[in-house]
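# Architecture at a glance
The lines below spell out each chain.
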Amino acid sequence: MKYKLIKQPNHNLDPVSQILTNRGIDFNEIHHYLNTTDDDINNAEMLGLTNLKAAASALVSCVNENKDCVVIVDCDCDGYTSAAILINYLYDIFPTWAAGHLDYFLHEDKTHGLSDCMNFIEDGGYNLIICPDSSSNDYQYHSELKAQDRTIIILDHHEADHEPTDAICLNNQLSDYPNKQLSGAGITWQFCRYLDKIGNHNFAENYIDLCALGNCGDMMSLKSIETKHIINKGFKDNNIKNPFIYGMAEKNAYSLGSHITPMGAAFYIVPFVNSMVRSGTLEEKEQLFESMLKHKAFEEILSNKRGHKLGETERLVDQALRTATNVKSRQTREQDKGMEFVESQIEKANLMEHKVLIFLLEPGQIDSNIAGLIANKIMAKYQRPVLMLTKHIGGNDSHLSELLSGEKVYVTGQNYIIYQGSARGYSKSGIDNFKDICQETGLVEYAEGHQNAFGIGIKAENIPEFIRLTDIRLKDMQSEPLYYVDYIFKGVDVKPDSILGIADLNDIWGQDMDESLICIEGLKVTKDNLTLMSPDKRPTLKITLPNKISLIKFGSSQEEYDRLCTEGYIELNIVGKCNANE
């Protein structure tokens, strides 16, 4: 185990100031960072007044002329919350029109954008198509829809080559909007705030909880003052008004504690939405999405509870919460099976000999809907970048290639083999720009998404050279994780007040604000201060210091306890997180 001080502690700084400066917050900005206000929310006009006016005009024209509109629901937590913000808001300002002319489209799988809904749009005769959290770079489909005299409004935050010419696009990456760490839910919410302003309404504020969840779901940086304020404000108890979020908070109250934090949302709310997107049926997805819509969530529907009576009903939101829990459990079982399979391939194909773990899968070996999730797990366990790729047929080349495994792949006629799937970088090994590294090889067909979480495609013939180049490019990558710690204490010198001071910072942990780690060096462990709790269920190792601080290691074993429990003592260096046992 390797560890390193982020900075030499300044003894004139309290733990809060020390940790925030360690995270890159300027000392003079700490008070502001901890005490944000609505003044930290940017004006919606910074997204581009011309495009804002055009989008508002297109929407109002659609309403006034009683034309039909469809909202494309992108397939992740940010997409669901973005679409829910917009639909809830449109029911506020145009209730009669919305009830008769507003529709939505859910993707059946993990497809993003417009590619799989063109027939739905044409068959439905929709005049206005609104795409929250997607479609900035769907230039071909913009042109096709515009040629059919349809209008497209995009409310997005993803990078794109250029601003669309055949769609009205509000995108913080393509405008002068200063905060590039605002998700699609944030852009959609800002559009609603602009509509509030020109219509003299105040409805958008009711959906700041959905905006907060969307930003957590897409892992937007908490170093952004605006994003931090939106998330913290959105999760205040009196602002949690969405039926789904309120229900999830109640269901997971024990794990979330007294209130929802960014970290709590990321662990105990977001995964239920994402598991539904990956593993739910279309009917289950629809139910979960409608539990976010206030005009749908409290409808009485036939109960499907175990042991329910014939004709018994329950609220849609209650059934959706139970279904989400069941789907999450179902996904976890599939994930465990997938993990077992891909881990068997590591030794079989000698994958650890290379800097990037590249899994070349046959169709059906891993469910494509959970491939990214498994890539995350493998990345965290083996501490290196991962490509989880599945074989596909495509294109019009002819070639003979030999893959890493030595298997020869013959490609004839008009087809070639391409491997497509999920890529994950590993920031703890110093890799923060894995997408750029893949693109710089010049061998990938595409790499689209965030720097350390993106989709990728590589022709089979290019994989051996891709491996060679990434091995060279990443030759200095750490072979084991390096834990960056805020403090290093010696032996039993660590004080309870130090632990409690750091534990009080739970509200600030999140993306780019990593939870604090501390190290205790030279700790003497004897059989007198060592306990193994729940040895037959969930073995947990406990070391109790003279000052009553307890060090807890979950997932221990009888064997580990026996190694440490000696007649003398064993000296350990320990890295861990700080918590208060309440």
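Small disclaimer: the values here were computed from a predicted structure and weren't measured.

### Quick word on the sheet that holds strand β2 (residues 69-73)
Taken in spatial order, the 5 strands line up as β3-β2-β4-β5-β6 in an open sheet, and their pairing is parallel. The open sheet has two edge strands with one neighbour each: β3 (102-106) and β6 (168-171). Neighbouring strand axes in the sheet, compared pairwise and without regard to direction, differ in orientation by 15° on average. With 5 bridges connecting them, strand β4 (residues 128-132) and strand β5 (residues 151-156) associate as parallel partners.

### Here we look at the sheet that holds strand β10 (residues 386-394)
Sheet strands pair via backbone hydrogen bonds, and the direction of the pair is either parallel or antiparallel. Reading across the sheet, the 5 strands line up as β9-β10-β13-β15-β14 and stay open at both edges, with mixed pairing between neighbours. Of all the strands in the sheet, the pair left with one neighbour each is β9 (357-361) and β14 (444-450). Averaged over all pairs of adjacent strands, the angle between strand axes in this sheet comes to 20°, irrespective of strand direction. Judged from the 9 bridges that link them, β10 and strand β13 (residues 416-424) form a sheet pairing that is antiparallel. Opposite Lys391, over in β13, you have Tyr419 as the bridge partner. Each of β9, β10 and β13 touches helix α17 (residues 371-382); the most contacted strand, β10, lies at about 145° to it.

### A closer look at the nonpolar core
Core analysis: the largest hydrophobic core is formed by 108 residues, its most contacted members being Phe244 and Phe289. Ranked by residue count, the leading element in this core is helix α4 (residues 77-93), at 11 residues. Listed in part, the 23 residues of the second largest apolar core include Leu389, Ala447, Ala460 and Ile463.

### Some details on the side chain of Thr227
Inspection of the secondary structure puts Thr227 in helix α10 (residues 225-234). A polar contact of 3.0 Å, which involves the side chain of Thr227, links it to the side chain of Asn179. Aside from chain neighbours lying at most four places away, what touches Thr227 is Asn179, Gln181, Leu182, Asn215, Met220 and Ser221.

### Some thoughts on the pairing of β9
When you tally the buried positions in β9, you get 4 out of 5 residues, the bulk of the element. Relative to β10, β9 runs parallel, the two being bridged by 5 bridges. Among the inter-strand pairings, Leu360 is bridged to a residue of β10, identified as Leu389. What joins β9 to β10 is α17, and the crossover it makes is right-handed.

### Let's talk about the side chain of His157
Structurally, the position occupied by His157 is in the loop between β5 and β6. For His157, the side chain forms a polar contact with the side chain of Asp218, separated by 2.9 Å. With residues near it in sequence (within four places) discarded, His157 still touches Asp78, Asp133, Asn171, Asn172, Gln173, Leu182, Ser183, Gly184, Ile187, Asp218, Met220 and His450.

### Topic: the packing of aromatic side chains
Tallying each qualifying case throughout the model produces 9 aromatic pairs. Note on Tyr104 and Phe289: the rings are 4.9 Å apart at their centroids and 65° apart in plane angle, and the pair reads as edge-to-face. Of the two residues, Tyr104 sits in strand β3 while Phe289 sits in helix α15 (residues 282-290), which places them 185 residues apart along the sequence. On the basis of relative accessible area, Tyr104 is assigned to the buried category, the value being 15%.

About the criteria used
Residues numbered from 1 in each chain as written. Predicted model: local features only at pLDDT ≥ 70, side-chain atom pairs only at ≥ 80, totals over all residues. Heavy atoms only, no water. Pairing = 2+ DSSP bridges. Helix = DSSP H or I, 4+ residues; strand = E, 2+ residues; numbered from the N terminus. Axes fitted to C-alpha atoms, helices over the stretch in contact; angles between N-to-C directions. Contact = heavy atoms within 4.5 Å. Core = buried A, V, L, I, M, F, W, Y, C linked by side-chain atoms within 4.5 Å. Buried < 20%, exposed > 50% of the residue type's maximum accessible area, 1.4 Å probe, protein only. Polar contact = N/O pair within 3.5 Å; in protein donor to acceptor, adjacent residues only side chain to side chain. Right-handed = clockwise from strand over helix to strand, strands pointing away. Phe/Tyr/Trp six-rings, centres within 6.5 Å; stacked < 30°, edge-to-face > 60°.

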